[in-house]
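A look at the structure
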Amino acid sequence: LSSGINAEYGDGTVFGILSELKEIQDIMLNNLHKERANMLSTFNRRRDQMEVDQKEEYEMMIADINFQPAEEERMLRSFADRKKALDAEETETLHKYDLKILQQLDKQVDDQQNYLNAAQIPGMKRTTDTAELKRQMFILTIIDALQNSET
């Protein structure tokens, strides 16, 4: 079967195309993972800095000679409100980024389908149908297994 694929599509052309597409996909996924990890790291630094700033603000208020106990309660509520607002902002930002990732992945699948269709690999065409996508993935898995058996 693998020699039939090689004979029909040239000397390893299909395997080469799939290998390159897989490399591109791996690089993209790695970059997206790093970007998301950096975003989460930035969120953690912002949260840590907010805690440091609030602690300093609290200590300054307690040290003030005109300190009123009611002020402490207002300040602690303000701290909780700021943390809640920061959490909501980060959640929204992360949600938007995750949607962006899904859009990029959808585009990459579309690009790969078009490329594989142009290479005249049977069963490869542009689609969003889940069953068809699973069938295409199965075909690619078989070709990948054949490639691995060649090496």
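Rules used in this analysis
- Residues numbered from 1 in each chain as written.
- Predicted model: local features only at pLDDT ≥ 70, side-chain atom pairs only at ≥ 80, totals over all residues.
- Heavy atoms only, no water.
- Helix = DSSP H or I, 4+ residues; strand = E, 2+ residues; numbered from the N terminus.
- Rg over C-alpha atoms; globule rule 2.2 N^0.38 Å.
- Buried < 20%, exposed > 50% of the residue type's maximum accessible area, 1.4 Å probe, protein only.
- Areas by Shrake-Rupley, 256 points an atom, 1.4 Å probe, with all protein chains shown as cover.
- Lys, Arg positive; Asp, Glu negative; His and termini not counted.
- Charge placed at Lys NZ, Arg CZ, Asp CG, Glu CD.
- Salt bridge = Lys/Arg side-chain N within 4 Å of Asp/Glu carboxyl O.

We now examine the overall build of the protein. Of the regular secondary structure elements, the protein holds 4 helices and 0 strands. Sequence-ordered secondary structure for the protein, helices as α and strands as β, is α-α-α-α. On C-alpha atoms alone, the protein measures out to a radius of gyration of 27 Å, which is more than a quarter above the 15 Å that the 2.2 N^0.38 rule sets for 151 residues. Each principal axis of the C-alpha atoms in the protein carries an extent, and together these give about 90 × 30 × 20 Å. Looking at the protein as a whole, 25% of its 151 residues are labelled buried. Accessible surface, the protein as shown: approximately 10,800 Å² in total, 55% of it carbon and sulfur. Across the protein, the 19 positively charged side chains and the 29 negatively charged ones have centroids separated by 3 Å.

Under the counting rule described, the total for this entry stands at 12 salt bridges. With its nearest N and O atoms 2.7 Å apart, the salt bridge here joins R36 to D98. Of this pair, R36 sits in helix α2 (residues 13-63) while D98 sits in helix α3 (residues 69-118), and the two are 62 residues apart along the sequence. Since its relative accessible area comes to 26%, R36 is described here as partly exposed. We note a salt bridge from E57 to R82, for which the minimum N-O separation is 3.5 Å. Of the two residues, E57 is situated in helix α2 and R82 in helix α3; the sequence distance between them amounts to 25 residues. By relative accessible area, which is 32% here, E57 ends up partly exposed. Exposure remark for R82: the relative accessible area of 34% places this residue in the partly exposed category. One continuous salt-bridge network, built from bridges that share partners, spans R47, K83, D87 and E90.

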